[in-house]
Amino acid sequence: MARDSKVWRCGKYELKFDRPRIMGVLNVTPDSFSDGGEHLDAEAAIAHGLKMLDDGADIIDVGGESTRPGFTPVDPDTEAQRVLPVVKALARAGAIVSIDTRHVEVAKAAVRVGASIVNDVTGFTDPRMVDFVKESDCGVVIMHAGEVSDIERPRTHTAVQLDTSAAAFMAEKAREAEAAARALGATGKSKRAAKAKLISGMIQPLQPQLPFDALLAADGAAGAEQQAAVAESSAAATEPVEGAVALDAAPSDGAVVAVSAADAPAGARADDLASVMARSAARTGSANRTSQLRRFTLPDSAPIMRRVMGFLSDQARALIHAGVDRERICLDPGPGFGKDANEDIVIQREMGKIASLGYPTLCAVSRKRLVGAIAGVEDARDRDIATFGVCLGAIEQGANIVRVHDVAGFYQFLNGFWAIARPQPRRAYVALGSNKGDREENIRSARDLIAQIPMTCVSACSRIYESEPAYETRQAAFANAVVEIKTELAPLILLEELMKIEQKLGRTRAKGARPNGPRVIDCDLLWMDNEIHGGDKLRLPHPYLGERDFVLVPLEDLMHNPARFFRYEGVDVKEPEDRVGHVVAELGTL
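The structure presented is a predicted model; accordingly, all values stated were derived computationally and were not measured.

A. Here's a closer look at the overall build of the protein chain. Of regular secondary structure, the protein chain possesses 18 helices and 18 strands. Residues counted as buried form 54% of the 590 residues belonging to the protein chain. Sequence separation of at least 24 residues holds for 75% of the intrachain contacts in the protein chain that already meet a minimum separation of 6. When the accessible surface of the protein chain is split by element, carbon and sulfur atoms take 52% of a total near 25,500 Å².

B. Structural detail: the pairing of strand 16 (residues 478-487). For strand 16, the buried fraction is high: nine of the 10 residues fall into the buried class. Sheet topology places strand 13 (residues 426-434) next to strand 16; nine bridges connect them, and they run antiparallel. The residue bridging Tyr429 from the neighbouring strand is Glu484, located in strand 16. Examined bridge by bridge, strand 14 (residues 456-461) and strand 16 share five bridges and lie antiparallel to one another. Residue pairing for strand 16: Ala460 is matched across the bridge by Glu484. Sheet topology places strand 15 (residues 464-467) next to strand 16; three bridges connect them, and they run antiparallel. Its bridge partner lying in strand 16, Glu466 is registered against Ala479.

C. How the structure looks around the environment of Asp382. Along the chain, Asp382 falls in the loop between helix 12 (369-375) and helix 13 (384-397). Note on Asp382: relative accessible area 52%, which makes it exposed. Counting along the chain gives 15 residues from Asp382 to Arg367, while the straight-line C-alpha distance between them is 7.7 Å.

D. Broad picture of the packing of helix 1 (residues 42-55) against helix 2 (residues 76-92). Look at helix 1 against helix 2: their axes get within 9 Å of each other, and the N-to-C directions meet at 35 degrees. Considering how the two elements wind past one another, helix 1 and helix 2 form a crossing that is right-handed. From helix 1, Ala42, Ala45, Ile46, Gly49 and Leu50 reach across to helix 2, where they touch Pro85, Val86, Ala89 and Leu90. Tallied by class, the residues present in the contact of helix 1 with helix 2 amount to eight nonpolar, one polar and no charged.

E. Just the sheet that holds strand 12 (residues 401-404), in detail. The sheet built from eight strands is open, its strands ordered 10-7-6-5-4-3-12-11 with parallel pairing. Among the strands making up the open sheet, the edge pair consists of strand 10 (329-332) and strand 11 (362-363). Where strand 4 (residues 59-63) and strand 5 (residues 96-100) come together, five bridges link them in parallel fashion. From the neighbouring strand, Gly63 faces strand 5, where its bridge partner is Asp100.

F. Region of interest: unusual backbone geometry. The linkage connecting Leu540 with the following residue, Pro541, adopts the cis geometry, with an omega of -10 degrees. Looking at where Pro541 falls in the secondary structure, it is placed in the loop between strand 17 (522-528) and helix 17 (549-555). Phi angles above zero are rare outside glycine, and Met455 is one such case at about 60 degrees. Residue placement: Met455 occurs in the loop between helix 15 (439-450) and strand 14. Backbone geometry at Asn561 places phi at a positive 55 degrees, although glycine is not the residue there. Summarising the element assignment, Asn561 is placed in the loop between helix 17 and helix 18 (562-568).

G. How the structure looks around the packing of helix 13 against helix 14 (residues 407-421). In contact at an axis separation of 11 Å, helix 13 and helix 14 are set at 45 degrees when each is read in the N-to-C sense. Between helix 13 and helix 14, the angle falls in the class oblique. Considering how the two elements wind past one another, helix 13 and helix 14 form a crossing that is right-handed. Residue-level inspection shows Phe388, Cys391, Leu392, Ile395 and Glu396 of helix 13 in contact with helix 14, the latter providing Gly409, Phe410, Phe413, Leu414, Phe417 and Trp418. For the contact of helix 13 with helix 14, the per-class residue count stands at nine nonpolar, one polar and one charged.

H. Representation of the packing of aromatic side chains within the structure. Within the structure shown, the criterion is met by nine aromatic pairs. Through successive ring pairs, a cluster of aromatic residues spans Tyr429, Trp527, Phe565 and Phe566.

I. The arrangement of helix 3 (residues 104-112) in detail. Those residues of helix 3 not exposed but buried are Val104, Val106, Ala107, Ala109 and Ala110. Looking at the buried positions of helix 3, the neighbouring elements they touch are helix 2, strand 5, strand 6 (117-120) and helix 4 (127-134). The positive-phi residue at the C-terminal boundary of helix 3 is Gly114, with phi of around 135 degrees.

J. Broad picture of the pattern of salt bridges. Counted under the stated rule, the structure contains 33 salt bridges. Note that Asp100 and Arg403 form a salt bridge whose closest N and O atoms lie 3.5 Å from each other. Note that Asp100 is positioned in strand 5 and Arg403 in strand 12, a separation of 303 residues in sequence. Here the two residues Asp100 and Arg403 agree in accessibility, since each one is buried. Note that Arg444 and Glu440 form a salt bridge whose closest N and O atoms lie 3.9 Å from each other. With Arg444 and Glu440 both in helix 15, this residue pair falls four residues apart, about one helical turn. Among the residues examined, Arg444 registers a relative accessible area of 25% and is labelled partly exposed. Residue Glu440 is classed as partly exposed on the basis of its relative accessible area, which comes to 24%. Look at the salt bridges and you will find they share partners, linking Asp18, Arg21, Asp58, Arg426 and Glu531 into a network.

Rules behind the numbers
Residues numbered from 1 in each chain as written. Predicted model: local features only at pLDDT ≥ 70, side-chain atom pairs only at ≥ 80, totals over all residues. Heavy atoms only, no water. Helix = DSSP H or I, 4+ residues; strand = E, 2+ residues; numbered from the N terminus. Buried < 20%, exposed > 50% of the residue type's maximum accessible area, 1.4 Å probe, protein only. Contact = heavy atoms within 4.5 Å. Areas by Shrake-Rupley, 256 points an atom, 1.4 Å probe, with all protein chains shown as cover. Pairing = 2+ DSSP bridges. Axes fitted to C-alpha atoms, helices over the stretch in contact; angles between N-to-C directions. Left-handed = near helix turned anticlockwise from the far one by under 90°. Nonpolar A, V, L, I, M, F, W, Y, C, P; charged D, E, K, R; others polar. Parallel < 35°, antiparallel > 145°, perpendicular 65-115°, else oblique. Phe/Tyr/Trp six-rings, centres within 6.5 Å; stacked < 30°, edge-to-face > 60°. Salt bridge = Lys/Arg side-chain N within 4 Å of Asp/Glu carboxyl O.

Any functional reading would require information beyond the geometric quantities listed.
Written as structure tokens, this is what we have:
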């Protein structure tokens, strides 16, 4: 995959995809399927979120309600109490935070305290959620949740055959017609009529009912009976079911239209979601009983992808018509939601078709049932290695973001793959400063050591300048310079190499040391092409870049009008008189 030109605008952030981005999973819940209860305490959740940032996560996805089959619905107040302190703390640390919720009240509060993305498990089928996001500037993740829906929309678009499996589909229907005719003792004439009816049906293709078509939850005591009936009949159903919701139908006016259940209390909607997930689990068992009747190892991809892509593209269009900018939208096919393992594997193999819709695409398979089925691993916690393999397959198909539990492991895995398979030198700027010993020689030594970093070269150097001390003024004047480098290392890996250079030249980062006090050498990673990062270990762009005269003046040797350049990158660049560490003299060339 060449450099992906897609952009995802999420509030004040703009994510680019020359490399896949990692979304770390942070479940602030007692009952999530693989890590429930581990981070229910706010302080533990914040610490884990910061660790994932330092391990390589680009986004932290915070959720306060599990949606596993058989989950206990959570009211918006309880969910908000769980997630808001975590979202606020991570946003303050410079993280891009996603709020994983289906409750508009929680989404509003989370964005207010710093979340930049709303990840809606119900795919923005709630008009109230649409009304909220169209008035904000947050990024949105549209997820296909199979049966999880309470919308019903008129069919206005034509079904599209996505692959070359039409012949197999017709042959299967022909066999069914022949069998039905024989069972009824039909004559040769009636058999021919049945076959002619089948062929004529190809002029206006019928979309077969999928096992994960959306079904409305039954009311009152009849609910349990309907769930059992759905689980029994869903694997073989080919006719529309009374109460079924067409997920692939486009709204006639481009708006999201909901049945009256959309106005029901939050508790009622939660019960609908819980019953849907229970039906999904029951359906998986019944589907397994019929799997041996299929002639192929996996079900036909065309109807599955038609449903999934129809829903995702319809919801994306509806959001755009409502006023949400196209570049704010990301698509997630929703593995594990209302689909069995076979269907999920089909969808993962066809991720390229979802990516071809032109939106950033999310792969969220981490530790899920399909990974366990592929790898033969029962315990969800032991599925991380197989998860990496499935994610890599999705990346090769065009996925831009992967949502994983084991961020550190996947970061290593991705860096190893990317270094060999995707040569990609990127520009970065490193500031060098010294006010102890031979200042100019310290800076030159640091430059030479930077040139020895693997997969890295120094492409340009500024002159060396003398500047006033910044922040802590009772110390000697500094010598400062900036070097431009080209590197194929990931930002956190490059930072580790720069810290090794500081240590080699004699700088110690003891806990008691003054943060802005005297030092032999200081190597600050200022900026890197297409990289945004938050956390305690690394912030990109550098949080103090725009106020440091001793950085901005040397940058003028390397680029035209650095103030304008970095303002365009979203950095608050101050006027010269408002900066700190003013340059007072030029010391020579580097």
